[in-house]
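# Tertiary structure, described
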Amino acid sequence: MLAYTYVERGKFALLEKPKPVLLAGRDALVRVTLASICTSDLHIKHGSVPRAVPGITVGHEMVGVVEEVGPGVKNLRPGDRVAVNVETFCGECFFCRHGWVNNCTDPSGGWALGCRIDGGQAEYVRVPYADQGLTKIPADVTDAQALFVGDILATGWWAADIAEIKPGDTVLILGAGPTGLCTLQCVLLKEPGQVVVCEKDPARRAFVEAHYPGVTAVGPEDAEAVVRARSAHGGADAVLEVAGGEETFRLAWQCARPNAVVVVVALYDRAQTLPLPEMYGKNLTFKTGGVDGCRCGEILDRIAAGKLDTTPLITHTYPLKEIEAAYDLFENRRDGVIKVAVIP
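The numbering scheme is per chain: residues are counted from 1 as the chain's sequence reads. Under the rules for a predicted model, residues below a pLDDT of 70 receive no local features and side-chain atom pairs below 80 are neither given nor counted, while totals for whole chains, interfaces and linings still include all residues. The side-chain values count all of the structure's non-hydrogen atoms but skip hydrogen atoms and water molecules.

### Section: the nonpolar core
Convention followed: For this analysis, a nonpolar core means a set of buried residues of the types Ala, Val, Leu, Ile, Met, Phe, Trp, Tyr and Cys, connected via side-chain atoms within 4.5 Å. To sort residues, take the accessible area from a 1.4 Å probe on protein chains only and compare it with the maximum for the residue type: under 20% means buried, over 50% means exposed, and anything in between is partly exposed. What counts as a helix is a DSSP run of H or I of at least four residues, what counts as a strand is a run of E of at least two, and both are numbered from the N terminus. The contact definition used throughout considers only heavy atoms, calling two residues in contact when any of these lie within 4.5 Å.
One finds Leu-134, Val-149, Ile-173, Val-208, Leu-240 and Val-340 to be the most contacted residues of the largest nonpolar core, which totals 91 residues. Considering every element that reaches this core, the biggest residue donor is helix 5 (residues 152-162), with 8 residues. Excluding its chain neighbours within four sequence positions, the residues that come into contact with Leu-240 are Ala-159, Ala-160, Ala-163, Ile-165, Val-171, Leu-172, Ile-173, Leu-174, Thr-183, Val-187 and Val-263.

Written as structure tokens, this is what we have:
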């Protein structure tokens, strides 16, 4: 089968590989019907994910059809349409029992697919702990609608949840990339009073304004003033940092009101510094990633009910055999790209 592969730092290649087989009783084999490219894949390519293993098939955003299950799989059968979770988790360890599945203690726990074990930018993928890592897609939800459920939409759901947003709150989201837009949709479900999205790209600010009426989109230079003008308490009640830059990390704590929650969703390429003397007295609560993506069923229910729709984020579609061109488009942010769908 064709599989896009991490060869070495700075190099991915589309290779012929054997079709995967089940290795454990709780495994499932999934025929991938639609996949996508994530910024985290680019982090692997450029060496920012030390745990990534050369030789693995990359890709962790995908949906497909179950082709085979091991004898320990209880909830899935061949033919089931499924969303694939970005994380592998056993469901039994201390962290899984508390819903902190990103820290599953299994050797393949946490973000494994497309990082430490073969992922889904391929024709087939083996999914460990399939009852945990696969979620059945409702019959009236399309592959495109479900494509981001297991990763960036799960991230947005998790971020909005831990931000402790209350109805009427002022919320600031830093970054209107794909994950930022998924976070925005999930934040809106919390019924905040004001939502401000900070994004330096004018085209992405225009996308926010066109698709999310009532949301204010601003550039970084205006973020603090706009947030203060829309808050009764000197800043945002909750800040979600989804951009991953030094400037956005600074803006996150500067734009927060005292005693606010700051959720750091972004993955950074280098260490950041908390200027604690400047922050002293703001009494901020910081919550950091990665996502505990174990609520995919709830997300799919909201999609089926028409309350979430991330299909406008899919701006381009490529066949798997042209995935190198898709990566070039996505990495260089050409032609208004937001997300690319890949069809095996």
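### A closer look at the pattern of salt bridges
A side chain of one charge can pair with a side chain of the opposite charge when the charged atoms of the two come close. Our working rule: Here, a salt bridge means any Lys or Arg side-chain nitrogen found within 4 Å of an Asp or Glu carboxyl oxygen.
With the rule as written, the count across this model stands at 18 salt bridges. Between Lys-19 and Glu-67 there is a salt bridge; the shortest N-O distance is 2.6 Å. With Lys-19 in the loop between strand 2 (11-16) and strand 3 (28-36) and Glu-67 in strand 4 (residues 61-69), this residue pair connects regions lying 48 residues apart in the sequence. Using a relative accessible area of 31% as the deciding quantity, one classes Glu-67 as partly exposed. In this structure, Glu-92 and Arg-26 form a salt bridge, with 3.5 Å as the shortest nitrogen-oxygen distance. One end of the pair, Glu-92, is in the loop between strand 6 (87-88) and helix 2 (94-97); the other, Arg-26, is in the loop between strand 2 and strand 3, with 66 residues separating them in the sequence. Residue Glu-92 is classed as exposed on the basis of its relative accessible area, which comes to 52%. On the basis of relative accessible area, Arg-26 is assigned to the partly exposed category, the value being 26%. The network of salt bridges with shared partners includes Asp-161, Lys-190, Arg-295 and Glu-298.

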